[in-house]
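Listed below, chain by chain, are the residues.
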Amino acid sequence: LLKQILMTNLHDIVSHRDLILPQLGASNMKAHEVQKKSGFRVHYGPVRAKDIPAYLDAGMKADNSMRRVEFTFIDRFVLTPMEITLTAKSVFIFAALLFLLSGISTTIFTLDKAIAVSMPFLASALTAWISGAVLSPLLLPILPFRSFALKGAVTGILTMFIPLSLFYCENRSIFETLFTIISVPAFSSWLFLNFTGASTFTNPSGVRKEMKASIPVYLTSA
């Protein structure tokens, strides 16, 4: 913040010495240091920027509605593209490697074999990806358990029956079945655990506690 004040020559642009900062940024801010080093006084405004005009009209005072943090269906929905984007590269690399390995035979790479062998595995990976990055955030309030890792696992368990049913056949490989049963809940759980930092449900110590308990499970599943 001090760097931005200096870079923009804020002292020369405005005559006052007041800064309105987002309420949710307060935990990372040392207001007294900012005022001491820049001369600007920090005011913690409303949660949302759209309430700033009303906040100013009220004499820089925020009412309860301005202080209240919501996490509605729409709030969660707009965050899902970020979760998908963050993991897209890893999922793509996994899918590409799996496809190439599936096509290798004793003679040469075969496209038909690559498609046939990799499809059940790719379907499971895609299901887990959508489950953890999209469905779990949208269903957050109604999923059981407080833990994000467990919530994501529940969604994964419910959705793993999609690839199991799509590719069910008598000659289905036991490896395909085991991969789906193990990977979908685990991958979904891991993805949704990443979401906890974007929510209002868990504080940093809670996140660390969840990670300590869940990461060994993810490694075992892998």
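What comes next concerns the included structure. A quick note: this is a predicted structure, and the numbers were derived from the prediction, not measured. (Residues numbered from 1 in each chain as written. Predicted model: local features only at pLDDT ≥ 70, side-chain atom pairs only at ≥ 80, totals over all residues. Heavy atoms only, no water.)

**A word on the pattern of salt bridges**
Then, number 1: All told, the structure shown has 2 salt bridges when counted by the stated rule.
Then, number 2: With a closest N to O distance of 3.7 Å, Glu-33 and Lys-37 form a salt bridge. Of the two residues, Glu-33 and Lys-37 both sit in helix H3 (residues 31–38), 4 residues apart, roughly one turn of that helix.
Then, number 3: The exposure class of Lys-37 is exposed, given its relative accessible area of 59%.
Then, number 4: Asp-75 serves as the salt-bridge partner of Arg-48, at 3.5 Å between the closest nitrogen and oxygen. Placement of Arg-48 in the loop between strand S2 (41–44) and helix H4 (52–57) and of Asp-75 in helix H6 (residues 73–77) is noted, with a sequence separation of 27 residues between them.
Then, number 5: Since its relative accessible area comes to 26%, Arg-48 is described here as partly exposed. (Salt bridge = Lys/Arg side-chain N within 4 Å of Asp/Glu carboxyl O. Helix = DSSP H or I, 4+ residues; strand = E, 2+ residues; numbered from the N terminus. Buried < 20%, exposed > 50% of the residue type's maximum accessible area, 1.4 Å probe, protein only.)

**What to know about the pairing of S2**
Then, number 1: Strand direction decides the pairing type here: strand S1 (residues 18–21) and S2, joined by 4 bridges, are parallel. Looking at the pairing, Leu-21 lines up with Tyr-44 of S2.
Then, number 2: Handedness of the S1-H3-S2 crossover: right-handed. (Pairing = 2+ DSSP bridges. Right-handed = clockwise from strand over helix to strand, strands pointing away.)

**Some words on the environment of Ala-133**
Then, number 1: Its location among the elements puts Ala-133 in helix H8 (residues 111–138).
Then, number 2: Spatially, the C-alpha atom of Ala-133 lies 27 Å from that of Gln-23, the residues being 110 residues apart in sequence.
Then, number 3: Setting aside anything within four residues of it in sequence, one finds Ala-133 in contact with Thr-80, Glu-83, Ile-84 and Leu-191. (Contact = heavy atoms within 4.5 Å.)

**Topic: the packing of helix H9 (residues 148–159) against helix H11 (residues 174–195)**
Then, number 1: Packing of H9 against H11 brings their axes to within 7 Å, and their N-to-C directions diverge by 140°. Relative to H11, the element H9 is oriented oblique. Both H9 and H11 take part in a crossing whose hand is right-handed. Facing H9, whose interface residues are Phe-148, Ala-149, Lys-151, Gly-152, Ala-153, Thr-155, Gly-156, Ile-157 and Thr-159, H11 presents Val-184, Pro-185, Ser-188, Ser-189, Phe-192, Leu-193 and Phe-195.
Then, number 2: Considering only residue class, the contact of H9 with H11 consists of 9 nonpolar, 6 polar and 1 charged. (Axes fitted to C-alpha atoms, helices over the stretch in contact; angles between N-to-C directions. Parallel < 35°, antiparallel > 145°, perpendicular 65-115°, else oblique. Left-handed = near helix turned anticlockwise from the far one by under 90°. Nonpolar A, V, L, I, M, F, W, Y, C, P; charged D, E, K, R; others polar.)

**Concerning H11**
Then, number 1: Over its 22 residues, H11 runs 32 Å from end to end, which matches the ideal 32 Å to within 8%, given 1.5 Å per residue.
Then, number 2: The sharpest bend along H11 reaches about 30° and sits at Ser-183, with the proline Pro-185 one to four residues further on.
Then, number 3: Listing the buried residues of H11 in full gives Glu-176, Thr-180, Ser-183, Val-184, Pro-185, Ala-186, Ser-188, Ser-189, Leu-191, Phe-192, Leu-193 and Phe-195. (Expected span 1.5 Å × (residues − 1). Bend = angle between axes of the 7 residues up to and from the residue.)

**Examining the environment of Leu-98**
Then, number 1: Mapped onto the secondary structure, Leu-98 falls in helix H7 (residues 80–102).
Then, number 2: C-alpha of Leu-98 to C-alpha of Val-207: the two residues are 109 residues apart in sequence and 32 Å apart in space.
Then, number 3: Those residues in contact with Leu-98 that sit more than four places away from it in its chain are Ser-118, Phe-121 and Leu-122.

By themselves these figures say nothing about function.
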